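Observations on the three-dimensional arrangement
What follows is each chain in one-letter form.
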Amino acid sequence: MTTPVTESQLSYIMAHIDDRPRTAVARAAGVSVSTLYRIVRQHGGQIRHELSTRREGSLQAVAALYPDMTAREVARATGLSKSTVLRIAAQLSLSHTPDTLRRIAEQRRRILKEGRENRDLQAAGRRRRALFRLEYYRLWEGKPQRTALRLSRVSRRQYHALWYLMKRYGYVRAEGDTSLVLRYSPGTTRTKREHYFTRRHSITFLPLPEGMRASRHPAIMNPQKQKI
């Protein structure tokens, strides 16, 4: 059973049947390409098939450009597709000049080299992530590190809690401290929820001794970077 078409669809198809590409005509009319051809045949329309054949100008353009240009460059210059350029070149038995072949070979070598470098970088990234996981496992088991990787001593939630308290209330950390201890001075506006952060994130709040150097950055890293 065929789908009926409206008068507006029929008028559009009959008026634009020779437009190119016909897939765009069918899409604009809301029908498939096969339905478009069926409608034209049923209503006595004439399809100019010569418009679908390759133009002589395309053959001449490809014949002139192909020896000194790659198929992609010819396609870009002529507006043809790369596959069409290659078909015309095969039909006319065209070949590249030695300089063009040398340039194509260099491009291929460069692409292959870049691909190998990208694969090498991806493999290195995977190895580094695996090494971090192994070092974290050793840290959690209480074993010493085997590399000089800097490992965070806190979880992401603890880090954000430290950052919030330091930026919102003005808490500080003792310089070089790697524990979950925040310091406060007499001028610090302390939060009333210190007990919550102690219970939820294991953060300890202590006064800042006089003369102790303080840091306003919450990063807690492993200061001992040694290779075993």
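Residues numbered from 1 in each chain as written. Predicted model: local features only at pLDDT ≥ 70, side-chain atom pairs only at ≥ 80, totals over all residues. Heavy atoms only, no water.

A short note on the pairing of strand 2 (residues 181-184)
Here strand 2 shows no split at all, with Val181 and Arg183 on one side and Leu182 and Tyr184 on the other all buried. Where strand 2 meets strand 3 (residues 204-207), four bridges bridge the pair, whose relative direction is parallel. What sits directly across from Val181, in strand 3, is Thr204. A crossover links strand 2 with its parallel partner strand 3, the connecting element being helix 9 (residues 194-201), and its sense is right-handed. (Buried < 20%, exposed > 50% of the residue type's maximum accessible area, 1.4 Å probe, protein only. Helix = DSSP H or I, 4+ residues; strand = E, 2+ residues; numbered from the N terminus. Pairing = 2+ DSSP bridges. Right-handed = clockwise from strand over helix to strand, strands pointing away.)

Observations concerning the nonpolar core
In terms of nonpolar packing, the biggest core is built from 13 residues, with Leu162, Leu165, Tyr171, Leu182, Phe197, Ile203 and Phe205 touching the most fellow members. For this core, the secondary structure elements donating two or more residues are helix 8 (156-169) and strand 2. The element contributing the most residues to this core is helix 8, with five residues. Discounting residues that sit within four places of it in the chain, Ile203 has contacts with Ala161, Leu162, Leu165, Leu180, Leu182, Phe197 and Thr198. Ranked by size, the runner-up nonpolar core spans ten residues in total, among them Ala26, Ala29, Leu36 and Ile39. (Core = buried A, V, L, I, M, F, W, Y, C linked by side-chain atoms within 4.5 Å. Contact = heavy atoms within 4.5 Å.)

Overview of the packing of aromatic side chains
For the coordinates displayed, the defined rule picks out seven aromatic pairs. Seen from their ring centres, Tyr159 and Trp163 are 6.4 Å apart, and the 25 degrees between their planes marks the pair as stacked. Placement of both Tyr159 and Trp163 in helix 8 is noted, with a separation of four residues, approximately one turn of the helix. On the accessibility criterion, Trp163 (34% relative accessible area) is partly exposed. Among the aromatic residues, ring-to-ring pairing joins Tyr164, Tyr169, Tyr171, Tyr196, Phe197 and Phe205 into one connected group. The lysine or arginine in question, Lys167, covers the ring of Trp163, its NZ or CZ lying 4.9 Å from the ring centre. One residue, Arg193, lies across the ring of Tyr196, its end atom 4.5 Å from the ring centre. (Phe/Tyr/Trp six-rings, centres within 6.5 Å; stacked < 30°, edge-to-face > 60°. Lys NZ or Arg CZ within 6 Å of the ring centre and 35° of its normal.)

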